[in-house]
Amino acid sequence: MYDVIVVGAGHAGCEAAHVAGKLGSKVLMITMNMETIAKMSCNPAMGGVAKGQIIREIDALGGMSAIVSDYSMMQFRMLNTSKGPAMWSPRTQNDRTMFSLKWREILETNQNVDFVQDAVNRILIEHDIAIGVETSSGTKIYAKSIVLTSGTFMNGIIHVGNQQTTGGRMGDRASYGITEQLTALGLESGRMKTGTPPRVDGRSINYALMEEQPGDLDPKCFSFRKPIKINKQHSCHITYTNEKVHDILRSGFDESPLFNGSIKGIGPRYCPSVEDKVNRFAERTRHQIFVEPEGWNTCETYINGFSTSLPQHIQYEALKAIKGFEHAKIFRPGYAIEYDFFYPTQLRLSLETKFVQNLFFAGQINGTTGYEEAACQGLMAGINAHQKISNQDPFILGRSEAYIGVLIDDLVNKGTNEPYRMFTSRAEYRILLRQDNADLRLMEKGFELGTITEEEISKLRLKQRNISELSKLIKTKTITPSDANPMLTKYNTAEIPQNYLIDKILSRPQINYHHLLEVETMRDLLKPYSMEELEQVEILLKYDSYIKSEKETVEKLLRLEHYKLESNFDYNQIESLSLEARDKLNKIKPTSIGQSSRISGVSPADISVLLVHFGR
């Protein structure tokens, strides 16, 4: 008898198993292959636009994806630095093998986590409560809660041209039985598709013909808790497709499973295959290709932007027509994979299924795509599986608290008909939800849960005190014209005629804290503070009015969250509601009027009706 069984050992499964064990639950992780724990099945990178924010939020809540990413980092880049700080997004290029081995080491170090190599064919359910699993070997293993993180394995089919093989990914078998069992109980499932590009022998690539893409000159890292400074970085490279490449790709369209009806699942809109890009954007003469190393000690190279399920000979011919790939040798072909998922509107905000108690879903089974989206769901499902069996309230993050909250809220209230990917544009409070303040937003919550240690919270509180102290300092201390003007002239902003408060200088768009540190008196004054603290104070200063405005909006909308609704209420009783609203409310079963307001098809007029009906 276990407290929690985690089915699957991808990014979601690893976070779920580790955090549940960290909280004190006795955990069993079941995986079909112990050698592929936390395998980066697609590109060897973590983070990116909005995804980097999620990794830092995971770290602030005690998860391990940030620490593993930093440990296996080959390159660090902060994306979108030419835009405002709400758009800044950290990204790492990672050593695929190091990433997987580090995750396994972390899990094996967690004394509350056990492992079994097997496939799960059935969830054991009694009186609509999950009580365990049955494996392909016929073994029944019992637990108080189950976290299902099946990735792309449920009824998975791999497509390469007209060839179809069963599998969860190339080289691994698919899993069977769970979809059929759960749909028989009333859960609604669907099919989705994702893909991956060919892997190329780096020794056969002519990098001299490509644009080099080095890492940041001053590389940072993801983790607040255990920062790792990278000493050397590996460059990526950029090249482009061309008209000849597009013509070769078109010649294979008749054999493309994407166009001939072989693939029934829906693919990701924002990460289409190269043949889909050529077909949909016929007017474009080229598409960008990112050439990314897979590790320090391998020449295997990931061709980002060239995902394809075309026949192998077409992949080979088209690739060789790209500048720098004239003599390319392919290690492994690209392929598409189709798999089952369950519509996430069938979940509670805790990621527990509404149909079966104590059964939690996380990752691609919920219709998402991406390591980061999977990892944060695994973290939340693992926390809530522990909370449920400990008779504690579920841990739920709001849309104004974290990108994790936005993601889960979107899935549960709006659902998805295509693989869901996180973007900054999905968050209405993105000035509050920056990558730089994830620890300030969430670490206290992690400490209350028990996922953050005393040592970690002490470091955070020191940082908070320093930020507060520094904010007051720059509003009271001045800088002289003799100190300031040479620096101000250098950066093309007006000189000062007399002593100015430091915050007035720093609030100028042309000036940042790096510029202040060029002035000797400022270096001495600011020396006690870290670069992260200086950056935080500058952001709070420059975006003060925007931050205040968003906080006011949040406070207004949070009032609706306090108006709780009964989980079993029949909305057909309220005839003043629109028919669509009644249907959606009965399906989603929101826990508050605030949640109701975010359901697609529930109008502001319907919300007014609910407020009146429930006496608000």
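Residues numbered from 1 in each chain as written. Predicted model: local features only at pLDDT ≥ 70, side-chain atom pairs only at ≥ 80, totals over all residues. Heavy atoms only, no water.

## Examining unusual backbone geometry
Note the following rule: Each helix corresponds to a stretch of at least 4 residues labelled H or I by DSSP, and each strand to a stretch of at least 2 residues labelled E; elements are numbered beginning at the N terminus. Burial classes follow relative accessibility: with a 1.4 Å probe on protein chains only, a residue under 20% of its type's maximum area counts as buried, one over 50% as exposed, and anything between as partly exposed.
The residue Asn-155 is not glycine, and still its phi comes out positive at about 55°. Relative to the helices and strands, Asn-155 is located in the loop between β9 (140–148) and β10 (157–160). Take Asn-155: its relative accessible area is 15%, and that puts it in the buried class. Despite not being glycine, Asn-492 has its phi angle at roughly 55°, a positive value. Relative to the assigned elements, Asn-492 resides in the loop between α13 (481–490) and β22 (500–501).

## Overview of the environment of Ser-390
Going by this rule: In protein, a polar contact requires one atom able to donate a hydrogen and another able to accept it; more generally it is a pair of N or O atoms within 3.5 Å, and residues adjacent in sequence count only if both atoms are side-chain atoms.
Relative to the elements of secondary structure, Ser-390 occurs in the loop between α9 (371–389) and α10 (403–414). Residue Ser-390 is classed as partly exposed on the basis of its relative accessible area of 30%. Among the polar contacts listed, one links the side chain of Ser-390 to the backbone oxygen of His-386, at a separation of 2.7 Å.

## Structural notes on the nonpolar core
Counted only if it meets this: The term nonpolar core refers to a set of buried residues drawn from Ala, Val, Leu, Ile, Met, Phe, Trp, Tyr and Cys, joined through side-chain atoms within 4.5 Å. The contact definition used throughout considers only heavy atoms, calling two residues in contact when any of these lie within 4.5 Å.
Formed by 86 residues in total, the largest nonpolar core has its most connected members in Ile-5, Trp-103, Val-133, Ile-146, Phe-361 and Ile-404. Counting residues per element, this core draws most heavily on α9, which supplies nine residues. Leaving out residues up to four positions away in the same chain, Ile-5 has contacts with Leu-28, Ile-30, Val-133, Ile-141, Tyr-142, Ala-143, Ser-145, Ile-146 and Val-147. The next biggest cluster of nonpolar side chains, apart from the first, holds 23 residues, and it includes Ile-474, Ala-484, Val-519 and Leu-534.

## Thoughts on the sheet that holds strand β13 (residues 199–201)
Threshold: Should DSSP find at least two bridges between two strands, the strands are regarded as paired. Lines fitted to C-alpha atoms define the axes, with helix axes restricted to the stretch in contact, and inter-axis angles between N-to-C directions lie between 0 and 180 degrees.
An order of β14-β15-β16-β17-β13-β18 is seen for the six strands of this open sheet, with the pairing classed as antiparallel. This sheet does not close on itself; its edge strands, each paired only once, are β14 (211–213) and β18 (330–332). Across this sheet, the average inter-strand angle for adjacent strands is 35°, counted without regard to direction. As paired strands, β13 and strand β17 (residues 300–304) are joined by three bridges and run antiparallel to one another. Along β17, the bridge assignment pairs Asp-201 with Glu-300.

Nothing here speaks to function; it is geometry throughout.
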